[in-house]
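So you can see what is in the structure, the chains are spelled out below.
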Amino acid sequence: MASLHLSSQFLATKLKNSSVSISHHSSPTPFTRLFSRKKFMSCSMSMNGCEGDFKTPLGTVETRTMSTVLSPIAATERLISAVSELKSQPPPFSSGVVRLQVPIDQQIGAIDWLQAQSEIHPRCFFSRRSDVGRPDLLLDLANDNDNANERGASPHRDLVSVAGIGSAVFFRDLDPFSHDDWRSIRRFLSPKSPLIRAYGGMRFDPNGKISVEWEPFGAFYFAVPQVEFNEFGGGSSMLAATLAWDDELSWTLENAIEALQETMLQVSSVVVRLRRESLGVSVLSKNHVPTKGAYYPAVEKALEIIKQKSSSLSKVVLARNSRVITDTDIDPIAWLAQLQSEGHDAYQFCLQPPGAPAFIGNTPERLFQRNQLGVCSEALAATRPRAASTARDMEIERDLLTSPKDDLEFSIVRENIREKLNLARVQHLYSQLAGRLRREDDEFDILAALHPTPAVCGLPAEEARLLIKEIESFDRGMYAGPIGFFGGEESEFAVGIRSALVEKGLGALIYAGTGIVAGSNPTSEWNELDLKISQFTKSIEYEATATTNLQPIN
């Protein structure tokens, strides 16, 4: 898969923000054909890119940048004009993607912008983990590489968060994510338009039976947002609109422009900084699946199998979902904003297809990141609470670092990743690994090889997966699956742990899991599950009494 350029480093801290630059690419007008495949729940105002011919390039993939403005209101007005201009002077191609973007000379939170938008659209959010204090191994690889074009930091490395509504093009199916699906997505991307990205995720077990709450997500779901807000770390922001079309899919440029104009008319330019100490809801009930009484025997069963000489199983991750019913609906974006204010060492994400619940998360774990041909992944295992004092925090850290059980779990994860990648870089145990891909197609192979990692499934993966299927009585859906984005220049995926599915009228399903290895104790593992969901539950355990501060952004 990747070359033998190896680097490895152990850390107990934090890796680096990344972002994007801008340009234009076009190719001759293609003749596109449809190939037969199962259709699945058409998105309103869009097309399913999986139904196109991935072997035929689009006519154009381009980005057009307008002059910088001072406010979201001015940016919205400028985009509306740009879309009208595009309609009067359409690109001469039967298929393509065009991104129109307006820089804003002030830093505005992408999550604040998303919270101001209507809930009727599909929406997405992805915020990168703060990697201050961690080495940038992808930059190290670029500097070591002979190709001067890959040296140095990308000009868009300061992109912090992305929020999107609508879908210029989406990709979804009931069948597991395949190499052909990956090529279908890549067809709409270009290194010369690096901010055109497909955000989404995949199921933990793509072959498992899909439960009702997860049906709108399919086996995988990705979308290039119609309207997107980018938050940069250098004091700036950007509002963008993207349209995609393919005449062979019966979705013309005229269709795409009309759909985008309809969405643009609904975009709110009045953005408010909203940070609540409480969500304003109270819990009516909380139930776990499995119950404590069922979880203990499940752990004991797993330990018995691990101990058997005839079994190759060394680790299995057993998960739990906790159904929380509240007196009023939980606002998933407000909940995510609350998690974001506390989770600088984590990715935050929201994925909500049309008519679906919102899948949100605050995960510390990176699956992999690719920048051109450089790729890195990491091993993460074991969890301990943070303490109120530095002295107590150090005691907990020493316990984590000297625990035989946690060291075993961590070693299993790290060595499995190293073996799968063939790469030659808390309070968690953490190791980062980095290397180079031989070719672009290796990205799909890396994703297929890495997921599921021992950190969320076990080892060997297939034996662990079968035991999970036998023991767990609920559908994980996209919990513990890859969540992130594909881009022409860069791709990045987190592991969808520390996550919740927020449903109107039904409260939320909160997911967590723990790794069972030799030496695991059922009581300790149950307590770890409670610790992992506490970041979600602490804000809704008690009736809201806090005030809300609203500050308009001009």
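Going by the annotation in an unreviewed UniProt entry, the name recorded for the protein is isochorismate synthase, with Brassica carinata given as the source organism. According to the UniProt record, the Subcellular location (unreviewed entry) comment for the protein reads "Plastid, Chloroplast".

Go over the overall build of the protein, please, and point to the residues and values.
What the protein contains, in helices and strands, is twelve helices and 25 strands. Counting only residues that meet the buried cut, the protein has 61% of its 554 residues in that class. Surface exposure of the protein reaches about 21,000 Å², of which carbon and sulfur atoms provide 51%.

Any chance you could break down the pattern of salt bridges for me, citing the residues and the numbers?
Overall, the coordinates contain 22 salt bridges when judged by the stated rule. In this structure, a network of salt bridges that share partners links the residues Arg128, Arg197, Arg366, Glu490 and Glu492.

Explain the pairing of strand β21 (residues 482-487) residue by residue, including any values.
Residues in a regular strand project their side chains so that they alternate between the two faces of the sheet. Summarising burial for β21: six of the six residues are buried, a large majority. In the sheet, strand β8 (residues 197-202) pairs with β21 via five bridges, with the strands oriented antiparallel. From the neighbouring strand, Ala198 faces β21, where its bridge partner is Phe486. Sheet topology note: the β21/strand β22 (residues 490-495) ladder contains four bridges and is antiparallel. Looking at β22, one finds that Pro482 is bridged to Val495. The hairpin formed by β21 and β22 contains two residues between the paired strands.

Go over the packing of helix α6 (residues 292-307) against helix α12 (residues 522-537) with me, naming the residues and quoting the values.
One can describe the packing of α6 onto α12 by two numbers: an axis separation of 9 Å at closest approach and a directional angle of 125 degrees. Relative to α12, the element α6 lies oblique. Here the hand of the crossing between α6 and α12 comes out right-handed. Judged by residue contacts, Lys292, Tyr295, Tyr296, Val299 and Glu300 of α6 engage Pro522, Thr523, Glu525, Trp526 and Leu529 from α12. Its residues placed into classes, the contact of α6 with α12 shows six nonpolar, one polar and three charged.

An account of the environment of Tyr221 is needed here, citing residue identities and associated values.
Tracing the backbone shows Tyr221 in strand β9 (residues 220-224). Between the C-alpha atoms of Tyr221 and Leu351, which are 130 residues apart in sequence, the distance is 8.9 Å.

Give a description of the nonpolar core that names residues and reports values.
Among the nonpolar cores identified, the biggest contains 139 residues, and Trp113, Phe177, Phe222, Trp335 and Phe486 are the most heavily contacted of them. Element by element, the count of residues in this core is highest for α6, at seven residues. Ignoring sequence-local partners within four residues, the contact set of Phe486 consists of Phe177, Trp182, Ile185, Leu189, Arg197, Ala198, Met202, Phe222, Glu443, Leu447, Ser491 and Phe493.

Quick one: what's the story with the packing of aromatic side chains, residue by residue and with numbers?
If you walk through the whole model with that rule in mind, you get 21 aromatic pairs. Seen in terms of ring centroids, Phe126 and Tyr347 are 5.7 Å apart; in terms of plane orientation they differ by 35 degrees. Their pairing is tilted. Within this pair, whereas Phe126 is found in strand β5 (residues 123-127), its partner Tyr347 is found in strand β15 (residues 347-352), the two being separated by 221 residues in sequence. Of the two residues, Phe126 and Tyr347, both sit in the buried class. The interplanar angle of 75 degrees and the centroid separation of 5.1 Å between the aromatic rings of Trp214 and Phe359 together place this pair among those described as edge-to-face. Linking Trp214 in the loop between β8 and β9 with Phe359 in strand β16 (residues 358-363), this pair joins segments that are 145 residues apart in sequence. What links up through ring pairs into an aromatic cluster is the set Phe177, Phe220, Phe222, Phe368, Phe444, Phe486 and Phe493. For the cation-ring pair, Arg320 lies above Trp526, with the distance from its terminal atom to the ring centre recorded as 4.4 Å. We note Arg476 situated over the ring of Phe204; from NZ or CZ to the ring centre the distance is 4.3 Å.

Run through unusual backbone geometry, naming residues and quoting values.
Of the consecutive residues Val289 and Pro290, the connecting peptide bond is found in the cis state with omega at 5 degrees. Looking at the secondary structure, you find Pro290 in the loop between β13 (283-289) and α6. In this structure, Pro452 follows His451 across a cis peptide bond, with omega equal to 0 degrees. Its location among the elements puts Pro452 in the loop between α10 (442-450) and β20 (458-459). Non-glycine residue Ser250 carries a positive phi angle of around 60 degrees. Counting through the fold element by element, Ser250 comes out in the loop between β11 (237-246) and α5 (253-264). What makes Ser250 exposed here is its relative accessible area of 61%. A positive phi angle, near 55 degrees, is found at Gln372, a position not held by glycine. Note that Gln372 resides in the loop between β17 (366-371) and β18 (374-381). The class for Gln372 is partly exposed, based on a relative accessible area of 26%.

Lay out the packing of α6 against helix α11 (residues 461-471) in plain terms, naming residues and giving numbers.
Two elements in contact, α6 and α11, have axes whose closest approach is 12 Å; the angle formed by their N-to-C orientations is 150 degrees. As summarised for this structure, α6 and α11 are arranged roughly antiparallel, according to the angle between their axes. Considering how the two elements wind past one another, α6 and α11 form a crossing that is right-handed. Facing Ala298, Lys301, Ala302 and Ile305 of α6, the residues of α11 in contact are Glu463, Leu467, Glu470 and Ile471. In terms of residue class, the contact of α6 with α11 is made up of five nonpolar, no polar and three charged.

Quick rundown of α6? Include the residues and the values.
An ideal rise of 1.5 Å per residue puts 22 Å on 16 residues; α6 measures up with 23 Å between its terminal C-alpha atoms. Of the positions making up α6, those classed as buried are Tyr295, Ala298, Val299, Ala302, Leu303, Ile305 and Ile306. For α6, the arc enclosing every buried residue in end-on projection is 160 degrees, short of the 170-degree limit, so these residues lie on one face. For α6, exposure combined with an orientation more than 90 degrees from the buried face picks out Gly293 and Lys307. Taken together, the buried residues of α6 touch β14 (315-326), α11, β24 (507-516) and α12.

Run through the state of the cysteines, naming residues and quoting values.
Inspection of every chain in the model, using the stated rule, returns zero disulfides. Not engaged in a disulfide, the cysteine Cys124 finds its nearest cysteine sulfur in Cys350; these two sulfurs lie 8.0 Å apart. For Cys124, a relative accessible area of 9% corresponds to the buried category.

Any details on the side chain of Arg123? Residues and values, ideally.
Along the chain, Arg123 turns up in strand β5. Although buried, Arg123 forms no salt bridge, and the nearest oppositely charged side chain, Glu119, lies 4.1 Å from it. When neighbours within four sequence positions are excluded, Arg123 is seen to be in contact with Leu114, Gly164, Ile165, Pro332, Ile333, Cys350, Leu351 and Gln352.

Each value, and the rule that gives it
- Residues numbered from 1 in each chain as written.
- Predicted model: local features only at pLDDT ≥ 70, side-chain atom pairs only at ≥ 80, totals over all residues.
- Heavy atoms only, no water.
- UniProt positions renumbered as here; feature names shortened; annotations may be inferred.
- Helix = DSSP H or I, 4+ residues; strand = E, 2+ residues; numbered from the N terminus.
- Buried < 20%, exposed > 50% of the residue type's maximum accessible area, 1.4 Å probe, protein only.
- Areas by Shrake-Rupley, 256 points an atom, 1.4 Å probe, with all protein chains shown as cover.
- Salt bridge = Lys/Arg side-chain N within 4 Å of Asp/Glu carboxyl O.
- Pairing = 2+ DSSP bridges.
- Axes fitted to C-alpha atoms, helices over the stretch in contact; angles between N-to-C directions.
- Parallel < 35°, antiparallel > 145°, perpendicular 65-115°, else oblique.
- Left-handed = near helix turned anticlockwise from the far one by under 90°.
- Contact = heavy atoms within 4.5 Å.
- Nonpolar A, V, L, I, M, F, W, Y, C, P; charged D, E, K, R; others polar.
- Core = buried A, V, L, I, M, F, W, Y, C linked by side-chain atoms within 4.5 Å.
- Phe/Tyr/Trp six-rings, centres within 6.5 Å; stacked < 30°, edge-to-face > 60°.
- Lys NZ or Arg CZ within 6 Å of the ring centre and 35° of its normal.
- Expected span 1.5 Å × (residues − 1).
- Arc of directions from axis to C-beta.
- Disulfide = S-S within 2.5 Å.
- Lys, Arg positive; Asp, Glu negative; His and termini not counted.

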